[in-house]
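Fold and geometry: a report
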Amino acid sequence: MELQLLNKDGLTAVYQNEMVADFPKAELKPLSAMLRLMDLGRYDPLLVKEGDKPIGYALAWRPEGREGALLEYFGVLRGLRSGGLGAQILALLVERYGQIFGEAEKPNSDDPAENDLRRRRIAFYERNGFRVLDYECALFGVHFNCLYRGPETDDRKVEALHRGVYAGYFSPAHMERYIQLPLKPGEAVKPAPEWVEEDYPAPLEDEGNRKDRA
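No experiment lies behind these values; they were computed from the predicted model shown.

Our next topic: helix α4 (residues 112–127). Helix length check: α4 (16 residues) gives 22 Å between terminal C-alpha atoms against 22 Å at 1.5 Å per residue, within 8%. Residues of α4 that are buried include every one of Asn 115, Arg 118, Ile 122 and Tyr 125, and no others. Buried residues of α4 fall within an arc of 85 degrees about the axis and therefore sit on the same side. Exposed residues on α4 whose side chains face more than 90 degrees from its buried face are Pro 112, Ala 113 and Arg 127. Two or three places before Ala 113, at the opening of α4, Asp 111 has a side-chain oxygen 3.0 Å from that residue's backbone nitrogen. Gly 129 sits one or two residues past α4 and shows a positive phi near 90 degrees.

This is the structure in structure tokens:
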């Protein structure tokens, strides 16, 4: 089993053919935002293969100048699930990045079936070496539990790394409006639209962010 770094066309295919079916619309940020992060050299769209056969995917957002990655999206392809592949893929990701932190929607829905799905998702990560951190977050109006797998035992240090991913991309005003990280105890989740990009200048073309780097 291996991880293959995709180019923009590869990411677009995975997004359109897999991710739009695997994730609720409220949790799936626009493809354009992912492509821009690729231009900045901060985003790794990975196809998981066993031999020549694709079996899954993972999208990792790397904090600038720091080890580790935010695992934004992760999936085993339809028809191959419930066979232990997810655990193997997570192990490969930890081997690649050293530490992984992430977000799983908090089980606080009005729909009991949805809450059961969210609990099972969190339990899957816990079975595979992740721990639920002592802080939560809300991103663009969606409430998440925060997860971590790696050597760090201080949740404050993980929190700082986690927040730094978003603070290194969004302006302070955008952070204040849309990113509640951490979400303080008793703090209400701010109503927000789905993922909102800011207007950015085009990134400079250099060895670190060539559009054909993948």
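And the narrative resumes.
Turning our eyes to something else, we now look at the nonpolar core. Ranked by size, the top nonpolar core spans 41 residues in total, and within it Met 19, Met 34, Trp 61, Tyr 166 and Ile 179 carry the most contacts. Residue contributions to this core peak at 5 residues, all from helix α2 (residues 31–39). In this structure Tyr 166 touches Trp 61, Leu 70, Glu 72, Glu 103, Leu 139, Met 175, Ile 179, Leu 181 and Trp 195, once residues within four positions along its chain are discounted. Core analysis: the second largest hydrophobic core is formed by 23 residues, Ile 55, Leu 93, Val 94 and Ile 122 among them.

According to the stated counting rule, one finds 14 aromatic pairs in the structure shown. Seen in terms of ring centroids, Phe 140 and Trp 195 are 4.9 Å apart; in terms of plane orientation they differ by 35 degrees. Their pairing is tilted. Of this pair, Phe 140 sits in the loop between β6 (131–139) and β7 (142–149) while Trp 195 sits in the segment after β8 (179–183), placing them 55 residues apart in sequence. Ring-pair connections join several aromatic residues into one group, and the members of that group are Tyr 43, Trp 61, Phe 140, Tyr 166, Tyr 169, Phe 170, Tyr 178 and Trp 195.

The next thing to look at is the sheet that holds strand β3 (residues 53–61). Pairing in this open sheet of 8 strands is mixed, and the strands run β1-β2-β3-β4-β5-β7-β6-β8 from one edge to the other. Each end of this open sheet is capped by a strand with a single partner; those strands are β1 (2–5) and β8. Taking each pair of neighbouring strands and ignoring which way they run, the sheet shows an average axis angle of 35 degrees. In the sheet, β6 pairs with β8 via 3 bridges, with the strands oriented antiparallel. Paired with Leu 139 across the bridge in β8 is Ile 179. Against the sheet, α2 contacts β2 (43–50), β3 and β4 (69–76), and its axis sits at roughly 100 degrees relative to β2.

Throughout the structure, instances matching the rule amount to 13 salt bridges. Across the pair Arg 118 and Glu 114 runs a salt bridge, and its minimum N-O distance is 3.0 Å. Of this pair, Arg 118 and Glu 114 both sit in helix α4, 4 residues apart, which is roughly one turn of the helix. For Arg 118, a relative accessible area of 8% translates into the label buried. Here Arg 156 and Asp 134 are joined by a salt bridge, their closest N and O atoms 2.7 Å apart. Note that Arg 156 is positioned in helix α5 (residues 155–167) and Asp 134 in strand β6, a separation of 22 residues in sequence. Owing to a relative accessible area of 41%, Arg 156 belongs among the partly exposed residues under this scheme. Linked by salt bridges that have partners in common, Glu 18, Asp 22 and Arg 78 make up one network.

Turning to the environment of Glu 176, a few remarks are in order. With respect to the secondary-structure elements, Glu 176 resides in helix α6 (residues 172–178). For Glu 176, a relative accessible area of 56% translates into the label exposed.

Attention now goes to α2. Residues spaced three or four apart along an α-helix point in a common direction, a consequence of the helix completing one turn every 3.6 residues. Counting buried residues in α2 gives 7 out of 9 residues, a clear majority hidden from the surface. All of the buried residues in α2 are Leu 31, Ala 33, Met 34, Arg 36, Leu 37, Met 38 and Asp 39. One or two positions beyond α2, positive phi appears at Gly 41, with a value near 75 degrees.

Cut-off values and rules
Residues numbered from 1 in each chain as written. Predicted model: local features only at pLDDT ≥ 70, side-chain atom pairs only at ≥ 80, totals over all residues. Heavy atoms only, no water. Helix = DSSP H or I, 4+ residues; strand = E, 2+ residues; numbered from the N terminus. Expected span 1.5 Å × (residues − 1). Buried < 20%, exposed > 50% of the residue type's maximum accessible area, 1.4 Å probe, protein only. Arc of directions from axis to C-beta. Polar contact = N/O pair within 3.5 Å; in protein donor to acceptor, adjacent residues only side chain to side chain. Core = buried A, V, L, I, M, F, W, Y, C linked by side-chain atoms within 4.5 Å. Contact = heavy atoms within 4.5 Å. Phe/Tyr/Trp six-rings, centres within 6.5 Å; stacked < 30°, edge-to-face > 60°. Pairing = 2+ DSSP bridges. Axes fitted to C-alpha atoms, helices over the stretch in contact; angles between N-to-C directions. Salt bridge = Lys/Arg side-chain N within 4 Å of Asp/Glu carboxyl O.

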